[in-house]
Each structure stands twice: as C-alpha cells, then as structure tokens.
Amino acid sequence: MKVALKQFAVFFVIGCSAVLIDFLVYNYVLDAICKDCALSGNFKQYFWNLNSADMAKATGFMCGSFYTYYMNKRFTWKQKNRSNRRLARFFTLYGISSVVNIMGNKWALTWPDFVPLLKVKDVAFFFATGLSVVINFLGQKLWVFNHNVSLTAKLKKRISSN
C-alpha cells in the first residue's frame, strides 16, 4: 500500500505538469482555430461530428500523453528499458482514455456556467481530465507497467521458480 501511495504521488506530480501542457495546448489551439468561439459556445464543426473544442482537446491530450509516457516510465514505474509492447499498451490505454476525455469534455461543455469565476470550457477541461486521471493511473499500474501481465513473464517466473 505504501508503494502504491508513493507511485500515485509521483504520478500526480507528473500528471499535474502534463495537465498544464494539455491545458496550454488546448487553449492555444482553440484560440488559433476558432477565436472567441469558447466565449460564444459556437464551435466550428469538422468531420465525424467533431468540433473545434474536440480538436483542441485531442491535440492537448496527445501532447500531454507523449510527455507523461516518458516521465512516468522513468520516474513513477522506474523502467529504463525500451519495450514496444509496453508502448503499444500505453497508447492503447491512452487511446481509450482520450475518447473518454473528449466525450467528457464535450458533455461538460453543455453544462451552464455554474461557477462564476471559471469559464465553462475550463470546468469541462478539468472534469474530463479527472476522468482520465483515474483511467490512466489504474491502467498504467495494472496493465502497462505491470510485469506480471504478459503470458511470457508468467511463464518465465514459473520456469525460474521450479
């Protein structure tokens, strides 16, 4: 339990800096592709029913994902070796998490301005980020960086114990 708390603390600090990257990119891209649409709530529509807020959220999330993979691999999970399987698992997890993140952001953008000091786009951003934090921590701990997940690791462990 102590190890999990320490891992979560490191994950949280890295995550906060990744969220900052995500937030800055999200706002920059949203302003670049649709100036003032966040204030009016009229987002430009693109393909597959995605709008400018979705595109900005996806871009920011992707930038934060690349950063968090490297930082968490090295500092939270203390893994220095390269692994294509781990990388594939990470981006599968983050693919799922990004869909949840974008859909959570899209849903929260429909909420009224109930917090006077925050814009609805900021509330939506942090709501979506909260959903992703839970999915990403559990997914990384239990699947991506867990040595006991793969069949070959289990076989090697069983063979070496006999």
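It should be emphasised that the depicted structure is a prediction, and the values quoted were computed from it without experimental measurement. (Residues numbered from 1 in each chain as written. Predicted model: local features only at pLDDT ≥ 70, side-chain atom pairs only at ≥ 80, totals over all residues. Heavy atoms only, no water.)

A.B. asks: What should I look at first to understand the overall build of the protein in this one?
C.D. replies: Scanning the protein from terminus to terminus reveals six helices and zero strands. Going residue by residue from the N terminus, the α and β elements of the protein occur as α-α-α-α-α-α. The buried share of the protein, taken over its 162 residues, is 38%. Taking as baseline every contact in the protein between residues at least 6 positions apart, the subset at least 24 positions apart corresponds to 66%. When the accessible area of the protein is evaluated, it comes to approximately 10200 Å², of which 69% is carbon and sulfur surface. (Helix = DSSP H or I, 4+ residues; strand = E, 2+ residues; numbered from the N terminus. Buried < 20%, exposed > 50% of the residue type's maximum accessible area, 1.4 Å probe, protein only. Contact = heavy atoms within 4.5 Å. Areas by Shrake-Rupley, 256 points an atom, 1.4 Å probe, with all protein chains shown as cover.)

A.B. asks: Any chance you could explain the nonpolar core here in plain terms?
C.D. replies: Nonpolar side chains in soluble globular proteins generally cluster together in the buried interior. Formed by Val19, Tyr26, Val29, Leu30, Cys34, Cys37, Ala53, Ala56, Ala108, Leu109, Ala124 and Phe125, the largest nonpolar core amounts to 12 residues. Element by element, the count of residues in this core is highest for helix 1 (residues 2–33), at four residues. Filtering out sequence-adjacent residues up to four positions away, alanine 124 remains in contact with Asn105, Ala108 and Leu109. Counting 10 residues, the second largest nonpolar core, distinct from the first, contains Phe11, Tyr69, Phe90 and Tyr94. (Core = buried A, V, L, I, M, F, W, Y, C linked by side-chain atoms within 4.5 Å.)

A.B. asks: When you look at the pattern of salt bridges in this model, what are you seeing that I'm missing?
C.D. replies: Pairs can form between side chains of opposite charge whenever their charged atoms are close. A complete count under the given rule lists three salt bridges for this structure. Of the charged contacts in the structure, one is a salt bridge between lysine 57 and aspartate 22, with a shortest N-O distance of 3.0 Å. Here aspartate 22 lies in helix 1 and lysine 57 lies in helix 3 (residues 52–76), a separation of 35 residues in the sequence. Comparing lysine 57 with aspartate 22, the two get one shared label, buried. Between lysine 121 and aspartate 122 there is a salt bridge, and its shortest N-O distance comes to 3.9 Å. The residues lysine 121 and aspartate 122 share a single accessibility class, namely buried. (Salt bridge = Lys/Arg side-chain N within 4 Å of Asp/Glu carboxyl O.)

A.B. asks: Please clarify how the environment of serine 52 should be interpreted in this entry.
C.D. replies: Relative to the elements of secondary structure, serine 52 occurs in helix 3. On the basis of relative accessible area, serine 52 is assigned to the buried category, the value being 0%. As a C-alpha pair, serine 52 and leucine 30 span 22 residues in sequence and 6.4 Å in three-dimensional space.

A.B. asks: Just to check I follow, could you spell out the environment of phenylalanine 8 for this structure?
C.D. replies: Mapped onto the elements, phenylalanine 8 comes out in helix 1. When its relative accessible area of 33% is taken as the criterion, phenylalanine 8 is described as partly exposed. Separated by 68 residues in the primary sequence, phenylalanine 8 and threonine 76 place their C-alpha atoms 7.9 Å from one another.

Keep in mind that these numbers describe shape and distance, not what the molecule does.
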